[in-house]
Amino acid sequence: MKDYFVYTEKMSVGYNGRPLIKDIEINLEKGQILTLIGPNGAGKSTILKSMIGQLGLIGGVVYIGREEMQKMSEKELAKKLSVVMTERIHPELMTCEDVVSTGRYPYTGRLGILSEKDRVKVREAMEMVDALPLAQRDFSAISDGQRQRILLARAICQEPEVIVLDEPTSFLDIRYKLELLSILKKMVKEKNVAVIMSLHELDLAQKISDVVVCVHGDRIEKSGPPEEIFTSEYIKELYGVAGGSYNAEFGCIEMEAPKGAPEVFVIGGGGSGIPIYRQLQRKGIPFAAGILHENDVDYPVAKALAVRVIAEKPFEEISGETYKKALQTARQCKEVINCVEKFGKFNEKNRQLLEESGHLL
């Protein structure tokens, strides 16, 4: 067995003695980020709250560094584990520096008086999350993004070996989402901590995680590196997507393709067709796309949004048979839209298609 730093054995979680999810196995090394994903209400927060002791375990054991977490004293646990949960805290008359300073309480005496060493740790943590300018600001008067940075600084200055975060990006705009996750990645690398969190944003989970754990129904359905988890077919199945699709190549969702015979033929490639595909989809106009190589960046989006895609194998010149299909389809459409500015050797047939289709928008 691998030498995991955080792991569970036959962990079951739930409420009022009734298990919601059974036999949970979570395995994480130091210097890694593990992310829980799954539909709303699947139990991601319940798993995290049970792991950190906010909820009692229904069964099983959680280990941190081969020690049973449940047998550790509160002070011992606070030196190994820090938590950033979704509940918004409302401390009264506390500056941001005061809030961060509470992360040092596991190391202070009974009176909670900070030493100079403690104050240095507080400043270092605030500097790491770029929050020093907020030090004397009233915590209750700053933005959600700034609060998340302050709470993360509090967790960092606690000097934990494990940080647990529940939906840390939920209330943040795109700038703060990226800032927060960049800080986490930097901290994992520089401090060699283990991070466990839940995320709704699949694109972010796909990009930042070392391990992804999928919560589905009453079980952990699948776990592994993001390259194994994030396939278009599996994510659609995990979330029960009925209309539209998940684009694994881009890490994003695509709307459902308009129905009906194609009215427009789009000649694209190299990313040039994507804005037009989405524009036509928004207008509800069924369209065909081509001629695209299957390794072209346009191809996965066209496959999701077009009613017909005329494609060629990667790195192959467009064959006469493929060209014939494209020309026949284009001539059946009311309009042809060309998105390509320059035609090269491999898409010369698209230039010919544009000329022979006989009508250009």
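Below, the structure is looked at part by part.

So, how was this worked out
- Residues numbered from 1 in each chain as written.
- Predicted model: local features only at pLDDT ≥ 70, side-chain atom pairs only at ≥ 80, totals over all residues.
- Heavy atoms only, no water.
- Phe/Tyr/Trp six-rings, centres within 6.5 Å; stacked < 30°, edge-to-face > 60°.
- Helix = DSSP H or I, 4+ residues; strand = E, 2+ residues; numbered from the N terminus.
- Buried < 20%, exposed > 50% of the residue type's maximum accessible area, 1.4 Å probe, protein only.
- Lys NZ or Arg CZ within 6 Å of the ring centre and 35° of its normal.
- Pairing = 2+ DSSP bridges.
- Expected span 1.5 Å × (residues − 1).
- Arc of directions from axis to C-beta.
- Contact = heavy atoms within 4.5 Å.
- 1 Å grid on protein atoms, 1.4 Å probe; cavity = no way out; pocket = protein on both sides within 12 Å on 5 of 7 lines; lining within 4 Å.
- Points joined across faces, edges and corners; volume = space filled by probe spheres on them.
- Axes fitted to C-alpha atoms, helices over the stretch in contact; angles between N-to-C directions.

1. With respect to the packing of aromatic side chains
- Here the structure, examined in full by the defined rule, presents three aromatic pairs.
- With 6.5 Å between their ring centres and 40° between their planes, F230 and Y246 make a pair best called tilted. Of this pair, F230 sits in the loop between helix 8 (226-229) and helix 9 (232-238) while Y246 sits in strand 12 (residues 245-247), and the two are 16 residues apart along the sequence.
- Accessibility expressed as a relative area gives 4% for F230, which makes it buried.
- Judged by centre distance (5.5 Å) and plane angle (10°), the ring pair of Y277 and F287 falls under stacked. Of this pair, Y277 sits in helix 10 (residues 274-283) while F287 sits in strand 15 (residues 287-293), and the two are ten residues apart along the sequence.
- A relative accessible area of 0% places Y277 in the buried class.
- Over the ring of F5 we find K30; its NZ or CZ atom is 4.8 Å from the centre of that ring.
- Looking at K222, its charged tip hangs above the ring of Y234, at a distance of 4.4 Å from the centre.

2. Side note on the environment of M72
- Looking at the secondary structure, you find M72 in the loop between strand 6 (67-68) and helix 2 (74-80).
- Owing to a relative accessible area of 10%, M72 belongs among the buried residues under this scheme.

3. Here we look at the pairing of strand 9 (residues 194-198)
- Counted residue by residue, strand 9 has five buried out of five residues, so it is predominantly covered.
- Judged by which residues are buried, strand 9 turns out to be covered on both faces: A194, I196 and S198 on one side and V195 and M197 on the other are all buried.
- Where strand 4 (residues 33-37) and strand 9 come together, four bridges link them in parallel fashion. Residue pairing across strands places T35 opposite M197, the latter belonging to strand 9.
- Note: strand 8 (residues 162-166) against strand 9, five bridges, orientation parallel.

4. Quick look at helix 12 (residues 320-332)
- With 13 residues, helix 12 extends 19 Å from end C-alpha to end C-alpha; this agrees with the ideal 18 Å at 1.5 Å per step.
- Turning to helix 12, its buried residues are T322, Y323, A326, L327, T329 and A330. Axial view of helix 12: buried residues confined to an arc of 165°, hence all on one face. In helix 12, the exposed positions angled more than 90 degrees off the buried face are occupied by E321, K324, Q328 and Q332.
- Of the surrounding secondary structure, the elements contacted by the buried residues of helix 12 are strand 14 (264-267), strand 15, strand 16 (308-312), strand 17 (335-338) and helix 13 (348-357).

5. Overview of empty space enclosed by the protein
- Under the defined criterion, the tally for this structure stands at two cavities of 30 Å³ or more.
- By volume, the second largest cavity amounts to about 50 Å³.
- Lining the second largest cavity are V6, M51, I52, V62, I64, M69, L81, V162, V164 and I196.
- Those elements giving two or more residues to the lining of the second largest cavity turn out to be strand 5 (59-64) and strand 8.

6. A look at the sheet that holds strand 17
- Across the sheet, four strands lie side by side as 16-15-14-17; this open sheet has parallel pairing. If you trace the sheet from one side to the other, it starts and ends with strand 16 and strand 17, each paired once. Geometrically, the sheet is characterised by an average inter-axis angle of 15° between neighbouring strands, direction not taken into account.
- Sheet topology places strand 14 next to strand 17; four bridges connect them, and they run parallel. Paired with V266 across the strands is I337, a residue of strand 17.
- Lying over the sheet, helix 12 contacts strand 14, strand 15, strand 16 and strand 17, oriented at roughly 155° with respect to strand 16.

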